[in-house]
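Overview (structure and organization)
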Amino acid sequence: YALYDVKADRRGDFAFFTPSLEKRLRNETELEAALLSADLPSELQVELQPIVSLGSGNACGVEALARWNSAAIGKIEPARFIETAERLNLIGSITTNLFVKSLAHLAVLPAGLDLSFNLSARDIVTPSTIDTLISELHLHQIAPQRLTFEITETALMRDFDSAITQIKRLRDLGASIALDDFGTGFSSLSYLSRLPIDKIKIDRSFVNNLDDPGVRKIVAAILGMCQTLELGCVAEGVETPEQFLMLRAMGYSLAQGYLFARPMQVEELQGWLHGPGGQYGVADSDTGLES
Ligand code: C2E
Ligand code: MG
Ligand code: MG
Ligand code: MG
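These lines cover the structure that appears in this document, whether it is placed above or below. (Residues numbered from 1 in each chain as written. Chains lettered and ligands numbered in written order. Predicted model: local features only at pLDDT ≥ 70, side-chain atom pairs only at ≥ 80, totals over all residues. Heavy atoms only, no water.)

This part covers the pairing of strand β6 (residues 114-118). Successive residues of a regular strand alternate their side chains across the two faces of the sheet. Of all five residues in β6, four are buried, a share of seventy percent or more. Across four bridges, the pairing between strand β4 (residues 59-70) and β6 is parallel. For Glu63, the partnering residue across the bridge sits in β6 and is Ser116. In terms of strand pairing, β6 meets strand β7 (residues 147-152) through four bridges, oriented parallel. By the bridge assignment, Ser116 is partnered in β7 with Thr148. (Buried < 20%, exposed > 50% of the residue type's maximum accessible area, 1.4 Å probe, protein only. Helix = DSSP H or I, 4+ residues; strand = E, 2+ residues; numbered from the N terminus. Pairing = 2+ DSSP bridges.)

Written out as structure tokens, the structure is:
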């Protein structure tokens, strides 16, 4: 939400902040203080959300999602603290910490499962962060082919040339690159074919509105474009059986959402993969997040 939408109440020359703005400003200051004083290695966790194949219903990968339970102020959403961490120059160590935890989780999961890991705008223009990710991959002896790095269009656009340079380093190793939240950002289709990416993740705002015929046409057209460009396509935020059926009928093969599973701790995920929730269990034929 915007921090600066001041509902100013003009009386004479004075503008009064609304109580809610005051609260948000205080919260931001608290957030910064909490981040700066946090014991991040112990307060940060990684949850994993399955990415499933719509044909078989099997999980073929998991997305790592950051969780911060601050000793000072409690649970904070990643979308919120990642941004603050970038501003405070803490993002490099946070990303590295989350990546190491994610790799440790991946090591105890079936070899057929891939890992998708989110990179922030700052991460993808910071060579030393990419260096660290690459050396951790080697150290954990994880095949880069099992990794997808998710980046957003807006992050890419901030410093396009440096971002492309760093992304290519990961891709040259054999890792995949996914454009996250596709459709919400820049979306100039002319450059899409020239980006060093392997797949897109269509934003959940589209999946949410599949009952709108216009949105349905766009969602179908995005898949067609991906097929032409030989890009994989993952639908995000699938919450209802109707959405699942519509996407599958359109030809979508990969999806993620609460309908299948919420983000889980690794122990819970292991149970889910093998237990009764595992109508979406792992199949041998279903390795990789190929297009
Ligand atoms: P994202 O990468 O697009 O991740 C998907 C978000 O959608 C996650 O929210 C996930 O919990 C949520 N989600 C999944 N399925 C559904 C569904 O069916 N319905 C709804 N309403 N939501 C669903 P989360 O975990 O709060 O993360 C939000 C964003 O924060 C992420 O969006 C990503 O941009 C960022 N983020 C999360 N973890 C990390 C991280 O480790 N590093 C970086 N740089 N960013 C991260
Ligand atoms: Mg993501
Ligand atoms: Mg997304
Ligand atoms: Mg998102």
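And the narrative resumes.
Moving on, we come to the coordination of the magnesium ion (ligand 3). Distances from the magnesium ion (ligand 3) to its protein donors, namely Asp180 (OD), Asp181 (OD), Glu236 (OE) and Glu236 (OE), fall within the range 2.2 to 2.6 Å. The sequence pattern formed by the donor residues of the magnesium ion (ligand 3) is D-D-x54-E. Owing to a relative accessible area of 27%, Asp181 belongs among the partly exposed residues under this scheme. Accessibility expressed as a relative area gives 12% for Glu236, which makes it buried. (Donors = N, O, S within 2.8 Å, 3.2 Å for Na, K, Ca; no water.)

The next point concerns the site of ligand 1. Close to ligand 1 lie 23 residues; Arg67, Asp180, Arg204, Glu239 and Tyr258 are nearest. In the model, an oxygen atom of ligand 1 is placed 3.3 Å from a nitrogen or oxygen of the Glu236 side chain. Tyr258 has a polar backbone atom sitting 2.8 Å from an oxygen atom of ligand 1. Summarising the interface, the protein chains cover 84% of the accessible area of ligand 1, which totals 800 Å² for the free molecule. Looking at the shell around ligand 1, the elements that each hand over two or more residues are β4, α3 (78-87) and β8 (176-182). A per-element tally of the shell around ligand 1 places β4 first, with four residues. For the shell around ligand 1, the class distribution of residues is ten nonpolar, five polar and eight charged. (Near = heavy atom within 4 Å. Polar contact = N/O pair within 3.5 Å; in protein donor to acceptor, adjacent residues only side chain to side chain. Areas by Shrake-Rupley, 256 points an atom, 1.4 Å probe, with all protein chains shown as cover. Nonpolar A, V, L, I, M, F, W, Y, C, P; charged D, E, K, R; others polar.)

Purely geometric stuff here, so don't read any function into it on its own.
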